[in-house]
Amino acid sequence: MTPCFLWILDTQKKHNRRVNAAQPDEGKKRKRKASRPLRIDLILQKDSLVPPPKDILAYQQPNAKKLRRIAQKAERLAAKGVVPRRQKQLLNRRPTDRTVKKAVAEANNNPAREYYDIWGQESTVSADPWYLQQTGKKLVKRPEKLNEKPSVLPAVEVIAPGGSYNPDFFSHQALLQEAHKVEVQKKKKEDKLEKQLAVNKEDKATEESNLREQVEGLLEEENEEEDLAPAKEDDEVALAAIAVTQKKTEKQIKKEKAEKLKEQQRLTNRRQTEQQQQLFQLRSIKASIRQQEEKTKSKQMQRKAKQEAQKAQPRRLGKLKFQAPDLDVQLSDELAGSLRQLKPEGSILKDRFKSLQKRNLIEPRERAKFKRKLKVKYVEKRAFKEIT
C-alpha cells in the first residue's frame with residue numbers, strides 16, 4: 001500500500017497582498033529608485049587618500065608683525081592713560097548741532113511773503129560760510145604780504161635845500177659836493193673799464209717772436225736726441241719700483257698688523273684722555289659758548305639792520321639794473337635871483353617814472369629801439385618826371 005500525502009496550499013496571504021497592492025494609501029507616495037551619480041562626476045571626484053597640503057598663504061596677514069607692534073604700543077599707552085593723537089583730534093572736533101532744522105523756503109504763491117526788490121542794493125545773502133563759498137560770494141582772504149608796501153620810500157621825495165631857486169650858501173655847496181662825488185664814482189668806473197680793455201705792450205707781436213714762430217718746426221730733431229737720455233733714466237726708476245714691490249713675508253705682514261693695532265689703541269687712549277680733560281675745562285667751555293651766542297646775536301642784529309636798509313634800496317625786478325637819475329644842480333653863476341628868471345630843468349614825467357622804478361612798483365626799462373626790416377623804396381611819379 002502506497003503512502004498518501006495531503007498537500008495544502010495557503011493562498012489566503014497572497015490574496016491579501018494583491019488586495020493591499022491594488023488599493024494603496026492615498027497619503028503615501030510610491031518610492032522611486034535612488035538616482036546614481038553620473039559616470040563623469042565619479043571620474044572627477046577625488047579618490048586619493050592623501051590629504052591636500054595646507055595653504056600657508058591663506059592664513060598669513062600682510063604687515064602682521066607691524067600691526068601687532070602697533071596694537072601692543074596702543075595697549076601700553078592706554079594702560080598709562082595716554083590718548084593717541086588721532087583720538088585727540090576726533091575729541092577736539094567741533095560737535096555739530098543736529099537739532100537745528102533747515103530753513104523752509106516759502107511758497108511762491110504765498111501772498112503774505114516779504115517783498116524783495118531784485119534791483120535793490122541790499123543783499124539778502126545767507127550768512128552760512130559754506131553757502132557763500134560754494135556760490136562764489138565769499139570774499140577771498142587777502143594775504144598779509146599784499147598789505148605791505150614794496151618800499152619804505154615816500155611817493156614824492158623832497159629835494160635837498162640846496163636845490164632851491166634862492167638857496168643858502170652852505171646848503172648849495174653841500175649839494176654841489178654830493179654831485180661831485182657821483183661824477184667821481186662814474187669816472188673811476190670808466191677808468192677801470194679802460195684798464196681792463198687795454199692791450200698789454202708785452203703781448204704785442206715783435207720781429208723776434210715772429211722769427212721764433214717760423215723756426216719752431218725746424219729744430220725737432222735736436223730736441224728728440226736730448227729727450228733720449230731722460231727716457232733711459234725713467235726706465236731705470238720703473239725697474240727699481242718693481243723690485244721694491246715684491247711679495248711680503250708672513251713675518252712682515254704680522255709685524256704690520258701688530259703696528260696697526262698699536263696705533264689704533266694709542267688713538268683710542270688719546271681720545272679717552274681728551275674727554276677726561278674736558279671735564280676740567282667746563283668754565284672755558286661755558287665762556288666759549290657765551291662768546292659764540294654773543295657773536296650770533298650780533299650777526300642777527302647786523303642782518304636785521306641790513307634788511308631794513310635794503311627796504312629803501314631798489315630791488316632787481318628785471319634784466320636791467322636801476323640807474324639813479326642825475327642830480328638837478330645849478331652852478332653858482334647859474335643861480336637866478338627870482339622865480340621869473342628861473343629856467344625850468346628836468347621833466348616831471350621822467351621824474352615820476354624813475355620814482356616808480358625806485359619804489360619797486362615797476363621794473364627798470366629802456367626805450368624800445370625800432371628797426372626797419374625792409375628798406376624804403378623811392379619811386380619817382382610820372383608828374384615829377386615830366387617836370388624834371
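Note that the structure is predicted; figures quoted are calculated from it, not measured. (Residues numbered from 1 in each chain as written. Predicted model: local features only at pLDDT ≥ 70, side-chain atom pairs only at ≥ 80, totals over all residues. Heavy atoms only, no water.)

Draft legend 1. Fine view of the overall build of the protein. From N to C terminus, the protein includes 13 helices and zero strands. Going from N to C terminus, the protein has its helices and strands arranged as α-α-α-α-α-α-α-α-α-α-α-α-α. Looking at the protein residue by residue over its 388 residues, the buried ones come to 5%. For the protein, the proportion of contacts with a sequence separation of at least 24, taken over those separated by at least 6, is 63%. (Helix = DSSP H or I, 4+ residues; strand = E, 2+ residues; numbered from the N terminus. Buried < 20%, exposed > 50% of the residue type's maximum accessible area, 1.4 Å probe, protein only. Contact = heavy atoms within 4.5 Å.)

Draft legend 2. Examining the layout of surface pockets more closely. Taken as a whole, the largest pocket spans an internal volume of roughly 1900 Å³. Lining the largest pocket are 43 residues, with Pro325, Asp326, Leu327, Asp328 and Asp351 sitting closest to its centre. Those elements giving two or more residues to the lining of the largest pocket turn out to be α7 (169–197) and α12 (348–358). For the lining of the largest pocket, the per-class residue count stands at 18 nonpolar, eleven polar and 14 charged. Here the second largest pocket defines a volume of roughly 440 Å³. Contributing to the lining of the second largest pocket are 13 residues, with Lys354, Gln357, Arg365, Glu366 and Arg367 lying nearest its centre. Partitioned by chemical class, the residues of the lining of the second largest pocket number five nonpolar, two polar and six charged. (1 Å grid on protein atoms, 1.4 Å probe; cavity = no way out; pocket = protein on both sides within 12 Å on 5 of 7 lines; lining within 4 Å. Points joined across faces, edges and corners; volume = space filled by probe spheres on them. Nonpolar A, V, L, I, M, F, W, Y, C, P; charged D, E, K, R; others polar.)

Draft legend 3. Seen up close, the pattern of salt bridges. Applying the stated rule across the entire model yields eleven salt bridges. For the salt bridge of glutamate 157 with lysine 358, the shortest nitrogen-to-oxygen distance reads 3.5 Å. Taken as a pair, glutamate 157 in the loop between α6 (144–147) and α7 and lysine 358 in helix α12 lie far apart in primary sequence, 201 residues in all. Between aspartate 191 and lysine 187 there is a salt bridge; the shortest N-O distance is 3.0 Å. One end of the pair is aspartate 191 and the other is lysine 187, both in helix α7 and four residues apart, which spans about a single turn. (Salt bridge = Lys/Arg side-chain N within 4 Å of Asp/Glu carboxyl O.)

Draft legend 4. Structural view of the packing of aromatic side chains. For the coordinates displayed, the defined rule picks out one aromatic pair. An angle of 75° between the planes, with centres 5.5 Å apart, marks the rings of phenylalanine 169 and phenylalanine 170 as edge-to-face. The residues phenylalanine 169 and phenylalanine 170 share a single accessibility class, namely exposed. (Phe/Tyr/Trp six-rings, centres within 6.5 Å; stacked < 30°, edge-to-face > 60°.)

Draft legend 5. Looking closely at a nonpolar patch on the surface. A grouping of Leu38, Ile40, Ile43 and Leu44 is seen on the molecular surface, where their side chains present a nonpolar patch of about 450 Å² in accessible area. When you line up the elements, leucine 38 lands in the loop between α1 (12–22) and α2 (39–44). (Patch = residues over 30% accessible without salt bridge, like charges linked within 9 Å, V, L, I, M, F, W, Y side chains within 5 Å. Areas by Shrake-Rupley, 256 points an atom, 1.4 Å probe, with all protein chains shown as cover.)

Draft legend 6. Seen up close, the side chain of histidine 172. When you line up the elements, histidine 172 lands in helix α7. For histidine 172, a relative accessible area of 4% translates into the label buried. Beyond its immediate sequence surroundings of up to four residues, histidine 172 is in contact with Gly162, Pro167, Gln330, Leu331, Ser332 and Leu335.

Draft legend 7. Broad picture of α7. Look at α7: 42 Å from first C-alpha to last across 29 residues, which is about the 42 Å you get at 1.5 Å a residue. Buried within α7 are the following residues: Ser171, His172, Leu175, Leu176 and Ala179. (Expected span 1.5 Å × (residues − 1).)

Draft legend 8. Spotlight on a negative patch on the surface. Where like charges cluster on the molecular surface, the negative patch consists of Asp328, Asp333, Glu334 and Glu345. Counting through the fold element by element, aspartate 328 comes out in the loop between α11 (282–311) and α12. Judged by relative accessible area, aspartate 328 falls into the partly exposed class, the value being 49%. (Lys, Arg positive; Asp, Glu negative; His and termini not counted. Charge placed at Lys NZ, Arg CZ, Asp CG, Glu CD.)

Draft legend 9. Focus on a positive patch on the surface. A cluster of like positive charges, contributed by Lys65, Lys66, Arg68 and Arg69, occupies part of the molecular surface. With respect to the secondary-structure elements, lysine 66 resides in helix α3 (residues 64–80).

Draft legend 10. Local environment of the confidence of the model for the protein. Predicted confidence across the protein gives a mean pLDDT of 80, with 76% of residues reaching 70 or more. Across residues 1–5, where pLDDT falls below 50, the model places zero contacts with residues more than four positions away in sequence or in other chains. (pLDDT = per-residue confidence, 0-100.)

Draft legend 11. Fine view of the environment of phenylalanine 322. If you trace the backbone, phenylalanine 322 turns up in the loop between α11 and α12. For the pair formed by phenylalanine 322 and glutamine 357, sequence separation is 35 residues and the distance between their alpha carbons is 7.2 Å. The residues touching phenylalanine 322, leaving out its near neighbours within four places in the chain, are Pro314, Lys354, Gln357, Lys358 and Pro364.

Draft legend 12. Summary view of unusual backbone geometry. A positive phi angle, near 60°, is found at asparagine 63, a position not held by glycine. Along the chain, asparagine 63 falls in the loop between α2 and α3. Although it is not a glycine, asparagine 360 adopts a positive phi angle of roughly 65°. The residue asparagine 360 is located in the loop between α12 and α13 (382–387) in this model.

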